[in-house]
Amino acid sequence: MTTTRRADTPPGGDGHALARDRRGTGLPVVQLHGLSSSRRRDEVFGLDLTAGRDGLQVVRYDARGHGESPGTTDPDDYTWPALARDLLALLDEEFPGERVHGVGQSMGSATLLTAAAAEPDRFASLTLGIPPTVWRWRREQARLYDLAARQVARWGGARWAEATRLPPTSPAIDPDRPHTTPDVRDEWLPAAFRGAAATDLPPEEQIARLGMPVLLLAWPQDASHPLEVAEHLLELLPDARLEVARTPAEVAAWPRLVGEFVVACGG
């Protein structure tokens, strides 16, 4: 049974205000979405990475300013360190004293890595779906986020999404998947983009010390989620494996891979 809490107060780094739901029983899992997305939008895009999996107790939540969670107009509130603090505080509330399995995609992957670098003992495993640009790959993407922030401030999110709409470049993305607008209110979306432009992962040597099992999920030919980043993380992380999807059917199999990986990692 799913229960949802709607947040009514701005997030303050303590996690309590973030909208979330809980489903299933079993191993503790926290699930994160990408920039401008939400739990609902992940479902529309077929990126609910624990959908239909038995043996998992999954808490999904909307990051600050996304979906049903309240936001702010301060870009600092949308950097990966700020989002990681929200995540760790949410874990204190939802899974106190437990090691959890983190599952995220895009911005959610970066949030998980940032949180794990700060408190590695909190995580039994990490699933990092379509990791975003980081380190030397980040500069051009940051420029695009700054441009998007200016365009959204001028046009609004719906018009921006339509004006910048392009067909998928990766053969793994279903070309017929629905077109959706950002699940972030217009008053917060420019700040979310500016926060993304200003942020990056901790240094590579810090990430390389993470010893928990890691499952990397990637697809090719996506400039916002370069396969090269996933391959670099594979080389960097001590206990990692990479699965590359090249068709929509292989992306549809990701929840099964995630469920099997988490169960194999155990408690």
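Residues numbered from 1 in each chain as written. Predicted model: local features only at pLDDT ≥ 70, side-chain atom pairs only at ≥ 80, totals over all residues. Heavy atoms only, no water.

The name that an unreviewed UniProt entry assigns to the protein chain is Alpha/beta hydrolase, with the source organism given as Dietzia lutea.

Caption draft 1: Fine view of the UniProt feature "domain: AB hydrolase-1" (unreviewed entry) in the protein chain. Taken from the UniProt record, the annotation "domain: AB hydrolase-1" (unreviewed entry) applies to residues 28-128. Note that residues 28-128 is 34% helix and 23% strand, and that its end C-alpha atoms are spaced 16 Å apart. (UniProt positions renumbered as here; feature names shortened; annotations may be inferred. Helix = DSSP H or I, 4+ residues; strand = E, 2+ residues; numbered from the N terminus.)

Caption draft 2: Representation of unusual backbone geometry in the model. Here Ser106, not a glycine, exhibits a phi torsion of approximately 60°, which is positive. When you line up the elements, Ser106 lands in the loop between strand E5 (100-105) and helix H3 (107-118). A positive phi is found at Trp135, a non-glycine position, where the angle reads about 50°. Residue Trp135 is classed as buried on the basis of its relative accessible area, which comes to 14%. (Buried < 20%, exposed > 50% of the residue type's maximum accessible area, 1.4 Å probe, protein only.)

Caption draft 3: Highlighting H3. The end-to-end C-alpha distance of H3, which contains twelve residues, comes to 17 Å, matching closely the 16 Å that a straight helix rising 1.5 Å per residue would cover. With eleven of twelve residues buried, H3 is to be regarded as a mostly interior element. Of the residues making up H3, those classed as buried are Met107, Gly108, Ser109, Ala110, Thr111, Leu112, Leu113, Thr114, Ala115, Ala116 and Ala117. Check the buried side of H3 and you find it contacts strand E3 (27-32), helix H2 (80-94), E5, strand E6 (123-129), helix H7 (204-207) and helix H8 (227-236). (Expected span 1.5 Å × (residues − 1). Contact = heavy atoms within 4.5 Å.)

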